[in-house]
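Below, each chain spelled out in residue letters.
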Amino acid sequence: MTAETTDTAPQTVYLADYTPFGFIPEKVELRFILDPHATRVLSRIEFRPNPQASDRRFFLHGEGLKLIAASIDGAPVTPELTDHGLCCEVPEGPFVWAAEVEIDPAANTALEGLYMSNGMYCTQCEAEGFRKITYYPDRPDVMSVFTVHVEGPYPVLLSNGNPVDSAEGHATWHDPWPKPSYLFALVAGDLVARSASFTTMSGRHVALNVWVRPGDEGKCDFALEALQASMKWDEEVYGREYDLEVFNIVAVDDFNMGAMENKGLNIFNASAVLASPETSTDANYERIEAIIAHEYFHNWTGNRITCRDWFQLCLKEGLTVFRDQQFTGDMRSAPVARIENVIALRGRQFREDNGPLAHPPRPESFVEINNFYTATVYEKGAEIIGMLRRLVGENGYRKALDLYFARHDGDAATIEDWLKVFEDATGRELAQFKRWYTDAGTPRLKVTEEWDGDAGRLTLHLEQTTPPTPGQDQKPPRVIPVDVGLLNPNGDEVVPTTTLEMTEARQSFSFDGLASRPVASVLRDFSAPVILERQSDSAERAFLLAHDTDPFNRWEAGRTLARDVLLGLVLRDEAPSGDFIDALARVAGDDGLDPAFRALALRLPGQDEMAQALSDAGVTPDPTRIWEATEQLSDTIAQRMRPLWERLHTEMEVTGPYVPDAEGAGRRALRNTALMALSRCDGGAAARAQFAAAGNMTEQLGALSSLLATQTAKGEVDAFFEQWKHDRLVMDKWFGLQVMQARPEKAAEVAEALTAHPLFDLRNPNRFRSVFGALAGNAAGFHHPSGKGYGLMADWLIRLDKLNPQTTARMCSAFETWRRYDADRQQMMTDALRRINAQPGLSPDTTEMTARLLP
Ligand code: ARG
Ligand code: ZN
C-alpha cells in the first residue's frame, strides 16, 4: 500500500467553507525510528466523535507517505488512499487509530515536514507540513496532547514539551498542553547546547537551551539573553508566564523562513539566532533579538491561543509582530524602532498592497497557504493592532488582552473572537474597524488646511480613498486614527498629540483658540498605515525637520523633502536646493540628537520607493534614471558636507569591547553613513583604513559596502573571502553585498558569476536569497533595460522550484511591480513570469504565485 504524491490540479480553499472536523484526538502517541532514508513513524491516536460536528467522514491528511500498516482498535484496516490523505470506515463511538508509515528525510529538499540539514534531523510543520510526517487531521483547530518517543543513534533527541526520560539512543517527550499538529517539532543529531535558566514570576525554574552544531557554541549567548529578556518582558507587560520546565531553541542551517514557534522547541534559521561581534552586524543582533522575542511571544499568542483555520493567520502573526515591535521599542529606542518599521512596511507591504498580490490581512481563499505568510498578514496585521490600541487607549488595550487570554486560552480562535474581546472589554463597536481585516489596499489620506485668522481656528479637511485591488472594486471608508499635533512658528507645541477618528470618506476637524497660524504635524507616529497626501512647501518641511516634537514626523519631514528633491532631479534635472542640504547638515551635525536617528534621517528614500512615488504621480518610472539621480544627490551631499563626514567618522568611533546595544549601534550606524559619504570624496582611503582596522563585523562590512558602492575596493573582496570562507552566515553577506552594490549594468553578470562559485548552494535558502534577494533589491540592476536581470531570476527560480517550491514561490514577488513600468519592461517581466508558469511539473505554490502575478 503506497500513496506517492503526484501533481494534481491545485485546489482553492475558501474561508466560507469552514466546518469542524468530525473527531477529537484525545491523545497522540508518536514513535520515530530515525534513519536518513527510511524513517519509520508509528502513531497511536485515541479519537472520539466531535459532538460539535455533523460531518463524520474520517479523512486524515497525508502526503508522500509510504503506509506500512494501519489498524483500528487493534484490527488491521485497508484505508482508501489518495494523493492528499486517506479515508477509512470507523466505529460510531471512540476508537484507537494506529498507523506505521515510512518517510525519506534525506530526500526532502522542500524543507517541509521532517528533513535533514547538515546531518541533523529537524522539522518544519507550519502550515501544512505535519501531513508529510504521518497521517493526521492536519488543521490548526484539531488539538491534542502529544507524547513522542524518538529512537536513533544520535546524541541529542528533542521534541516538544518536557523530557520524560532519555537514555542512549532514545528519548521520550511529553507536552501537556493540547496543540495543533503545526506546532509539532522533532530534532536529532550531534548537537551541543549553551544553557541558562529563568525563574518565572510564580517562582518556577525553567531550563533554557540553545542547541547548535559543534563549533557554534560561542555564538549563543546573545540569543539566551534575548530569551531571558523576552520572558521577563512578557510577564511584566502582558502578565504572561511560561508554562513548561524547559525551553529549547535549535539553530538550523537550511530553513525556509526566519524561525518557528513549536511548543517548547523553537526551531530557528541559524541566521536568526547565532551571533558574535566578529561575524554579526548590529542589524543582525537587532533582528535576532526581535525574532527570539517573536517566537517566544507566540507561546501565548499562537500556541496557548491558536488559529481556527489558516485564514485567521494574522490573529497570531499580526499580534505577535506587534508584541515584538513593542518589545524592541522598550529594549532600544522606540522612535528609531518605529521609523525602521515604517520603512520596512512601506518597502514591502505598501508595495504588495499596490500590486497584483494585494490581499486582505484575512484572505477569503487560497491555493497554497504558504504563499500567505506575507507582509500584509504580518506587518499590516501588526499595524491594525497598533490602531486598535490607539483607539481604545493603553488601559482599554490591556483589559482587552486580559480578557482575550482568559476567554480563549486553549482555543483555536478567529478574528471575530479577537474583535469581540475588544468590544466586550471597552464597550466600543468595531464593525467598521473590521474592514481593516477584510479589505485589501492602502488608503490614501488627503489632508488640506483652512485657517481662519479672525476666529483663531485651524480646520483640517480629510478625505480617504482606497484604490481597487484584485477582486475588490468597492472600498467603503475605514476607521482611521489620525494623530495630529500643532506647533507654533517658534517651534513650541500649542496642541499636543490628539487622535482624530476618521470614519467617513470626508471629514473635517477644527482646532480653536489659536493666537497665530500653527504648523500642523499630521499622522504622528505613523498612526495608521495609509499614504498621506498633503501639499506642503519645503519651508514647512524644513521647519518640521528642525522642530517637530514627534520624532517620527520629524524624520518623515526630512524623508519627504529628500523625496521631493529626488523627484525634481529625476523629472526636471533640478539641482538640490541649498536649503535642503543645510537642513540635512543641521540634523546630521546636531549632537543633541540620537546618532541612530541621525543615521536614519540621512538615508535617502530607496529606489523602489521612488519608483512607486513616480508611478503614484502618474509618471512611468525609469529605474536607471532613479539610480543616476540617487547617485548624483549622494555625491552632492557627500561633497558639500565633507568636513562634517570627517568629524562624524572620527567622533562616532566606539572604542572598547563591542557591545550590541542600541547606543553603540547608533554610533556605528552614523559612522558608517559618514564613511559612505566620505568614500565618495576620498577614493576609498578612509574605508580601506576602517576595513583594515575593523574590530567587528559592523565596521568591517560597513567599510566593504563603502568600497564596493564607490568602486574603490582593491583586494578587500578577496581578503574578506579568505578571512571568512569557513563561515556560512558571513559568506551570505559576501555573496549578497557584491550583488547589492553592483552597478546597474553589472548586477546580473555579478549574480550569474556568483552562481558558479563553489560555495553557491541552490539547496540552502539563505545562500539562494543572498544572491537573488540581493538582485531583486538592486532595483536598477534587476530592471536593467537589457532584461538580463529578469531572465536570470526566472532561470534560477525554475531550477529552485524543483527542489524548494516554498522559497521559489515567495521570491516570485520580485516581479510584482511589473505594472508600474514601460511597455518593454512590462513585456519582459510578464514573459519571464509566463516562462516560469509554463514549466511542466511546476509546483502548486509557484503556479499560484505566477498566475496571480500575470494579467
Ligand atoms: N510562524 C512562523 C513565525 O512567524 C513562521 C512559519 C512560516 N512557515 C511557513 N512554512 N510558512 O514565526
Ligand atoms: Zn510568527
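It should be emphasised that the depicted structure is a prediction, and the values quoted were computed from it without experimental measurement.

## Some remarks on the overall build of the protein chain
Point 1. A tally of helices and strands in the protein chain yields 26 helices and 31 strands.
Point 2. For 855 residues, the compact-globule estimate of 2.2 N^0.38 gives 29 Å, and the C-alpha radius of gyration of the protein chain, at 27 Å, lies within 12% of that figure.
Point 3. Overall, the C-alpha framework of the protein chain stretches about 85 × 65 × 60 Å when taken along its three principal axes.
Point 4. Residues counted as buried form 60% of the 855 residues belonging to the protein chain.
Point 5. Considering only intrachain contacts with a sequence separation of at least 6, the fraction spanning at least 24 residues in the protein chain is 70%.
Point 6. Working note: accessible area of the protein chain is about 31600 Å², and carbon and sulfur atoms make up 49% of it.
Point 7. The protein chain carries 85 positive and 124 negative side-chain charges, and their two centres are separated by 2 Å.

## So, the coordination of the zinc ion (ligand 2)
Point 1. Bound to the zinc ion (ligand 2) are the protein donor atoms H294 (NE2), H298 (NE2), E317 (OE) and E317 (OE), situated 1.9 to 2.8 Å from the metal.
Point 2. On the accessibility criterion, H294 (8% relative accessible area) is buried.
Point 3. Judged by relative accessible area, which is 0%, H298 ranks as buried.

## What about the sheet that holds strand β28 (residues 493-502)?
Point 1. Reading across from one edge, β28-β27-β30 is the order of the three strands in this open sheet, with antiparallel pairing throughout. Two strands in the sheet have a free side with no partner beyond their single neighbour: β28 and β30 (519-522). Sheet twist, expressed as the mean angle between neighbouring strand axes with direction ignored, is 20°.
Point 2. Looking at chain direction, strand β27 (residues 480-487) and β30 are connected through four bridges and run antiparallel. Pairing of V484 across the sheet is with V522, part of β30.

## Regarding the site of ligand 1
Point 1. Close to ligand 1 lie 15 residues, the nearest being E126, E261, E295, E317 and Y378.
Point 2. Contacts to ligand 1 include E126, whose side-chain N or O atom sits 2.5 Å from a nitrogen atom.
Point 3. H294 has a polar side-chain atom sitting 3.3 Å from an oxygen atom of ligand 1.
Point 4. For ligand 1, whose accessible area on its own is 350 Å², the fraction buried by protein is 97%.

## Examining the nonpolar core
Point 1. Counting 270 residues, the largest nonpolar core has W97, W418 and F815 as its most contacted members.
Point 2. Considering each element in turn, this core owes the most residues, 14 residues, to helix α5 (residues 375-408).
Point 3. In contact with W418, other than residues within four places in its own chain, are L315, L319, I385, L388, L401, Y404 and Y437.

## Observations concerning the sheet that holds strand β2 (residues 23-33)
Point 1. The eight strands are arranged β6-β5-β9-β3-β2-β12-β15-β14 in an open sheet whose pairing can be described as mixed. For this open sheet the edge positions go to β6 (75-76) and β14 (162-167), each flanked by a neighbour on one side alone.
Point 2. Bridging between strand β12 (residues 144-151) and strand β15 (residues 170-179) involves seven bridges; their strand directions are antiparallel. Bridge pairing in β15 links V148 to W173.

## Things to note about the packing of helix α23 (residues 788-801) against helix α25 (residues 823-837)
Point 1. For the pair α23 and α25, interaxial distance at closest approach is 9 Å and the crossing angle is 10°. Judged by the inter-axis angle, α23 sits roughly parallel to α25. Contacts from Y790, G791, A794, D795, L797 and I798 in α23 reach R825, M828, M829, A832, R835 and I836 in α25.
Point 2. For the contact of α23 with α25, the per-class residue count stands at eight nonpolar, one polar and three charged.

## Some points on helix α16 (residues 685-693)
Point 1. A686, A687, Q690 and F691 are the residues of α16 that are buried. Down the axis of α16, the smallest arc covering the buried residues is 135°, so these residues share one side. Exposed positions of α16 whose direction lies more than 90 degrees from the buried face are A692 and A693.
Point 2. The inward-facing, buried residues of α16 contact α14 (642-651), α15 (662-682), α17 (697-709) and α18 (716-724).

## Focus: the side chain of H783
Point 1. As for its position among the elements, H783 is in the loop between α22 (779-782) and α23.
Point 2. A relative accessible area of 3% means that H783 is categorised as buried.
Point 3. Residue contacts for H783: discarding those within four places in its chain leaves P623, Y790, T817, Y821, R825 and M829.

## Focus on the confidence of the model for the protein chain
Point 1. Here the protein chain averages 97 in pLDDT, while 99% of its residues score no lower than 70.
Point 2. Predicted confidence for residues 1-7 stays below pLDDT 50, and this span has 17 contacts to residues more than four positions away or in other chains.
Point 3. For this predicted complex, the interface score ipTM comes out at 0.98, alongside a pTM of 0.98.

## Regarding the packing of aromatic side chains
Point 1. Following the criterion strictly, the structure yields 48 aromatic pairs and no others.
Point 2. Seen in terms of ring centroids, W300 and F405 are 5.7 Å apart; in terms of plane orientation they differ by 80°. Their pairing is edge-to-face. Of the two residues, W300 is situated in the loop between α2 (282-297) and β22 (306-307) and F405 in helix α5; the sequence distance between them amounts to 105 residues.
Point 3. A residue is classified by how much of its surface remains accessible, and W300, at 8% relative accessible area, is buried.
Point 4. When its relative accessible area of 3% is taken as the criterion, F405 is described as buried.
Point 5. Sitting above the plane of the W436 ring, R478 keeps its charged end 4.7 Å from the centroid.

## Thoughts on the domain arrangement of the protein chain
Point 1. By domain assignment, the protein chain separates into domain 1 (13-190), domain 2 (306-438), domain 3 (444-528) and domain 4 (725-855).
Point 2. Contacts between domain 1 and domain 4 engage five residues on the former and seven residues on the latter.
Point 3. Of the roughly 500 Å² buried at the junction of domain 1 and domain 4 (both faces included), carbon and sulfur atoms supply 40%.
Point 4. Of all residues in domain 1, T109, A110 and L111 give up the largest surface area on contact with domain 4, accounting jointly for 71% of the area buried on that side.
Point 5. In this structure, the connection of domain 1 to domain 4 is made through zero salt bridges.
Point 6. Between domain 1 and domain 4 we count three residue pairs in polar contact (both at pLDDT 80 or more) in total.
Point 7. Considering only residue class, the side of domain 1 that touches domain 4 consists of two nonpolar, two polar and one charged.

## Section: the pattern of salt bridges
Point 1. Taken as a whole and judged by the stated rule, the model has 70 salt bridges.
Point 2. With a shortest N-O distance of 3.0 Å, R642 and E646 are connected by a salt bridge. Of this pair, R642 and E646 both sit in helix α14, four residues apart, which is roughly one turn of that helix.
Point 3. Residue classification places R642 among the partly exposed positions, given a relative accessible area of 30%.
Point 4. It is possible to trace a salt-bridge network through shared partners that takes in R338, E383, R390, D483 and D525.

Cut-offs and rules
Residues numbered from 1 in each chain as written. Chains lettered and ligands numbered in written order. Predicted model: local features only at pLDDT ≥ 70, side-chain atom pairs only at ≥ 80, totals over all residues. Heavy atoms only, no water. Helix = DSSP H or I, 4+ residues; strand = E, 2+ residues; numbered from the N terminus. Rg over C-alpha atoms; globule rule 2.2 N^0.38 Å. Buried < 20%, exposed > 50% of the residue type's maximum accessible area, 1.4 Å probe, protein only. Contact = heavy atoms within 4.5 Å. Areas by Shrake-Rupley, 256 points an atom, 1.4 Å probe, with all protein chains shown as cover. Lys, Arg positive; Asp, Glu negative; His and termini not counted. Charge placed at Lys NZ, Arg CZ, Asp CG, Glu CD. Donors = N, O, S within 2.8 Å, 3.2 Å for Na, K, Ca; no water. Pairing = 2+ DSSP bridges. Axes fitted to C-alpha atoms, helices over the stretch in contact; angles between N-to-C directions. Near = heavy atom within 4 Å. Polar contact = N/O pair within 3.5 Å; in protein donor to acceptor, adjacent residues only side chain to side chain. Core = buried A, V, L, I, M, F, W, Y, C linked by side-chain atoms within 4.5 Å. Parallel < 35°, antiparallel > 145°, perpendicular 65-115°, else oblique. Nonpolar A, V, L, I, M, F, W, Y, C, P; charged D, E, K, R; others polar. Arc of directions from axis to C-beta. pLDDT = per-residue confidence, 0-100. Phe/Tyr/Trp six-rings, centres within 6.5 Å; stacked < 30°, edge-to-face > 60°. Lys NZ or Arg CZ within 6 Å of the ring centre and 35° of its normal. Domains from an automatic or database assignment. Buried area = accessible area lost by both parts, 1.4 Å probe. Salt bridge = Lys/Arg side-chain N within 4 Å of Asp/Glu carboxyl O.

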